[in-house]
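Reading the structure
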Amino acid sequence: MNAIITVVGQDKVGIIARVSAFLSKHAVNIADITQTILSGNFVMMMVVNLDNADISIDTLRSELLKESKEMQVEINVMHEKVFTSMHRV
């Protein structure tokens, strides 16, 4: 199963490293990633695969919420099918 993770917040050192390390710890594979800086704001979108993960999407969402508060960024996790349906033109 694939999920979409978005990270938005003030740019600072270590955001990608911290999110990636968390995902790696739980065997969540990063299938695709893009990131940019917009007016000083860090914006990242990842497509991740949870097929071999030791964590459910609901637990991933709640644990990344805790990480986001510590990092002072906003992290959202959404099932890929929900994301695709929401952004269909």
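Since we're looking at a predicted model, the values are computed, not measured.

1. Considering the overall build of the protein chain
- For the protein chain, the helix and strand inventory stands at three helices and four strands.
- Each helix and strand of the protein chain, ordered N terminal to C terminal, gives the series β-α-β-β-α-β-α.
- Taken over C-alpha atoms, the radius of gyration comes to 13 Å for the protein chain, in line with the 12 Å a tight globule of 89 residues would show.
- If one aligns the C-alpha atoms of the protein chain with their principal axes, the spans along those axes are about 35 × 35 × 20 Å.
- Put simply, the protein chain has 89 residues, and 35% of those count as buried.

2. Considerations on helix α2 (residues 57-71)
- Helix length check: α2, at 15 residues, gives a terminal C-alpha distance of 20 Å against a target of 21 Å (1.5 Å per residue), a fit within 8%.
- Along α2, the positions that sit buried rather than exposed are I57, L60, L64, E67, S68 and M71. In a view along the axis of α2, the buried residues occupy a sector of 105 degrees, so they form one face of it. For α2, the exposed residues lying more than 90 degrees away from the buried face are D58, K69 and E70.
- As for α2, its buried residues are in contact with β1 (2-10), α1 (15-25) and β4 (74-79).
- The positive-phi residue at the C-terminal boundary of α2 is Q72, with phi of around 60 degrees.

3. Structural notes on α1
- For α1, the complete set of buried residues consists of I15, V19, F22 and L23. Along the axis of α1, the buried positions cluster into a sector of 100 degrees, meaning they face one direction only. Those residues of α1 that are exposed and aimed more than 90 degrees away from the buried face are A17, S24 and K25.
- On its buried side, α1 packs onto β1, β2 (29-38), β3 (41-49), α2 and β4.
- Directly after α1, the chain includes A27, whose backbone phi takes a positive value near 60 degrees.

4. A look at the packing of α1 against α2
- Across the interface, α1 lies against α2 with an axial gap of 11 Å and an inter-helix angle of 155 degrees. The angle between the axes of α1 and α2 places the two elements in the roughly antiparallel class. Of the two possible hands of crossing, α1 and α2 adopt the one that is right-handed. Taking contact as the criterion, the partners of R18, V19, F22 and L23 in α1 are, on α2, L60, E63, L64, E67, E70 and M71.
- Looking at the contact of α1 with α2, its residues break down into six nonpolar, no polar and four charged.

About the thresholds
- The residue count restarts for each chain, going from 1 along the sequence in the order it is written.
- At least 70 in pLDDT is required for a residue's local features to be given in this predicted model, at least 80 for side-chain atom pairs to be given and counted, and no such filter applies to totals for whole chains, interfaces and linings, which use all residues.
- The side-chain quantities take in all heavy atoms of the structure and omit both hydrogens and water.
- Helix and strand assignments follow DSSP, with helices taken as H or I runs no shorter than four residues and strands as E runs no shorter than two, numbered in order from the N terminus.
- As defined in this context, the radius of gyration uses C-alpha atoms, and a globule is described by 2.2 Å times the residue total to the power 0.38.
- Exposure is judged per residue with a 1.4 Å probe applied to protein chains only, and the accessible area is read against the type maximum: over 50% gives exposed, under 20% gives buried, and values in between give partly exposed.
- Any helix carries an expected span of 1.5 Å times its number of residues minus one.
- Here the arc refers to the directions that run from the helix axis out to each C-beta atom.
- For this analysis, residues touch if any pair of their heavy atoms sits within 4.5 Å.
- Axes here mean lines fitted to C-alpha atoms, for a helix over just the part in contact, with angles spanning 0 to 180 degrees between N-to-C directions.
- Angle categories: roughly parallel below 35 degrees, roughly antiparallel above 145, roughly perpendicular from 65 to 115, and oblique for all the rest.
- Crossing chirality is assigned from the near helix's rotation relative to the far helix, an anticlockwise turn below a right angle marking it left-handed and a clockwise turn marking it right-handed.
- For this classification, Asp, Glu, Lys and Arg are treated as charged, while Ala, Val, Leu, Ile, Met, Phe, Trp, Tyr, Cys and Pro are nonpolar and the rest, including Gly, are polar.

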